[in-house]
Amino acid sequence: MKELGIVKLHEKLVNKEITSEELIKDALTKSHKLNDTCNAFVTIIDDAKEAEVTDNLLSGIPFGVKDNYSTKGILSTASSNTLKDYIPFFDATAVKNLKDAGAVAVNKTAMDEFGMGGTGTTAHTGIIHNPWDLNRSCAGSSSGSAASVAAGVYPYALGSDTGDSIRKPAAFCGVVGYKPTYGMISRFGLFPFASSLDTCGVLTRSVQDAAIVVDAMKGQDKKDATSWDSSDIHLYKSLNGDVLGKKVFYIKEIVDINNYPNASEELKMHLENFHKSLEILSSFGVQVDALSIDKELLNVIPSVYVCLSCAEATSNLSNMTGIIFGPRGEGDNIFDMMKDHRTKGFSPLIKRRFVIGSYILQKENQERYFVNAQRARRLIVDKFKSLFQKYDALILPVSTGPAPLLENENDQLNSDDTTLLEEHLQIGNFGGFPSITIPNGFINNLPVGINITGNCKDDANVLNIAYALEAKMNYKDMVVKDE
Ligand code: GLN
């Protein structure tokens, strides 16, 4: 039962082999069990009620919600002490759309505070552990969502992605992580981190499930001016696995083992495994080209991300004062109260980012850092947009290998030459490009992933390439076995 996808679950519900009530109860029991081992949730919604089974594929089926989505009447903390008692009075549009489809939210998943970070170690409820190996990180920030889908609590959980926060945890937990084109899903009710990069999306165990869920989440929304009408896009119906004649490229500078003179055995195996996946694509009649891209342009990706995301975060989170929502700080006047709230509430990682963001936004520094970072972003996006005129997708391995041990996790950029292997997914956020990670193998008994990114609004094409590749590998519907 654990590994069943949405279509199979729906069939069982329709045939009355199971009931929605049983599914919800089962997901709640599994949530409690997983919380004991992995600390994956901020809230388990014990009184979640079954829903009527209709002809909607999602009806009656449980799902998880990352804790930075507003959920009506349910604690929504973004894993931060600054919101530890915050209960919204409305649902995020994406959550509402799923509820309208008859889906049932059963928990709120733990995450890196406010989506900032990539380790799963900064949630106010503690470190989130990887169900494949409890000593390892899930990556982040959608850590609890990835862990719970990998553990088979339900077929899907919502994530959000500003730099890689859906796609990296998906790789480390052996699941699918899909970040659609920017604006396809409304961000209304998603706590902002860096609004020009933030994207709602989903973690699942198959490309098909990712298509089904995003079909239901998406849609233009008056409450998010960056959302657009995608009613002519039908992701699930467009999945046919026909990729003959498609063209994909990878970036030589990033995957050539000769560029890593000190490569670990793990990295060698990972890159070899990546090439095996490319061979599968070639065998389908997909043209796979190795392209060289100006290293100077590639090398600025991480710094552009730091500049823009920290600046936007500093501005966006300036409303976290403890006055409007969150616990009141102590003090004799409003300034001391706000200072106390923010000093006590935010983790060191967030504070560090606010220092960077404030510096960049200072009038005298804006041109040098903020404006230049925006210019560099434009150059990067233009480069990839021009490549997407000729190619259907960019394909690259996710990270330098499998999930690291928690004791080795930190939130600094890699200081060696592997930085780009870890950070290239940010290209997808700079351009708002659709991007999906699927599992493509195991290194030392731990899952690793491959990423496919394409042009804006070309989600169906990107998913189809992933769908074809997934069908030829043995990692679809994979769940962590109980010991
Ligand atoms: N890991 C990246 C960061 O630290 C990305 C986070 C995200 O996508 N939300 O900001």
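Coordinates for the structure precede this section.
Residues numbered from 1 in each chain as written. Predicted model: local features only at pLDDT ≥ 70, side-chain atom pairs only at ≥ 80, totals over all residues. Heavy atoms only, no water.

### Things to note about the overall build of the chain
Stage number 1. In terms of regular secondary structure, the chain is built from 17 helices and 13 strands.
Stage number 2. Its C-alpha atoms give the chain a radius of gyration of 21 Å, within 12% of the compact-globule value 23 Å for 483 residues.
Stage number 3. Overall, the chain is about 70 × 65 × 45 Å in size when its C-alpha atoms are taken along their principal axes.
Stage number 4. For the chain, the share of sequence-separated contacts (at least 6 apart) that also reach a separation of at least 24 residues comes to 76%.
Stage number 5. Surface exposure of the chain reaches about 19100 Å², of which carbon and sulfur atoms provide 49%.
Stage number 6. Side-chain charges in the chain split into 49 positive and 60 negative, and the spacing between the mean points of these groups amounts to 3 Å. (Helix = DSSP H or I, 4+ residues; strand = E, 2+ residues; numbered from the N terminus. Rg over C-alpha atoms; globule rule 2.2 N^0.38 Å. Contact = heavy atoms within 4.5 Å. Areas by Shrake-Rupley, 256 points an atom, 1.4 Å probe, with all protein chains shown as cover. Lys, Arg positive; Asp, Glu negative; His and termini not counted. Charge placed at Lys NZ, Arg CZ, Asp CG, Glu CD.)

### Observations regarding helix α11 (residues 301-316)
For the α-helix, the turn length of 3.6 residues means that residues three or four positions removed from each other point alike.
Stage number 1. Under the 1.5 Å per step criterion, the end-to-end length of α11 is 22 Å for 16 residues, consistent within 8% with the ideal 22 Å.
Stage number 2. Here α11 lies mainly inside the structure; 12 of its 16 residues are buried.
Stage number 3. Within α11, burial applies to I301, P302, V304, Y305, C307, L308, S309, C310, A311, E312, A313 and T314.
Stage number 4. Looking at the packing, one finds that the buried side of α11 touches α10 (295-299), α13 (348-361), α14 (363-390), α15 (419-423) and α16 (426-431). (Expected span 1.5 Å × (residues − 1). Buried < 20%, exposed > 50% of the residue type's maximum accessible area, 1.4 Å probe, protein only.)

### Some details on unusual backbone geometry
Stage number 1. Residue S141 is reached from G140 by a cis peptide bond, and omega for that bond is 10°.
Stage number 2. Counting through the fold element by element, S141 comes out in the loop between β5 (133-137) and α4 (143-150).
Stage number 3. One non-glycine residue, A78, adopts positive backbone phi at about 55°.
Stage number 4. With respect to the element layout, A78 can be found in the loop between β2 (62-66) and α3 (93-100).
Stage number 5. The class of A78 is buried, set by a relative accessible area of 0%.
Stage number 6. Positioned with a positive phi, D477 is a non-glycine residue whose angle comes to about 55°.
Stage number 7. Examined against the element boundaries, D477 turns out to sit in the segment after α17 (459-472).
Stage number 8. Under the relative-accessibility criterion, D477 is labelled partly exposed at 25%.

### Quick notes on the pattern of salt bridges
Stage number 1. Counted by the stated rule, this structure contains 16 salt bridges.
Stage number 2. Here D91 makes a salt bridge to K99, at a shortest N to O gap of 2.9 Å.
Stage number 3. Taking the relative accessible area as the measure of exposure, D91 reaches 14% and is therefore buried.
Stage number 4. A salt bridge links K96 to D100; the nearest nitrogen and oxygen atoms lie 2.9 Å apart. Residue K96 and its partner D100 are located together in helix α3, separated by four residues, close to a single helical turn. (Salt bridge = Lys/Arg side-chain N within 4 Å of Asp/Glu carboxyl O.)

### Things to note about the packing of α11 against α13
Stage number 1. At a closest axis distance of 7 Å, the pairing of α11 and α13 adopts a crossing angle of 95°. The angle between α11 and α13 falls in the class roughly perpendicular. The residues of α13 that touch α11, namely those facing V306, C307, C310, A311, A313 and T314, are R353, F354, I356, G357, S358, I360 and L361.
Stage number 2. Its residues assigned to classes, the contact of α11 with α13 comprises nine nonpolar, three polar and one charged. (Axes fitted to C-alpha atoms, helices over the stretch in contact; angles between N-to-C directions. Parallel < 35°, antiparallel > 145°, perpendicular 65-115°, else oblique. Nonpolar A, V, L, I, M, F, W, Y, C, P; charged D, E, K, R; others polar.)

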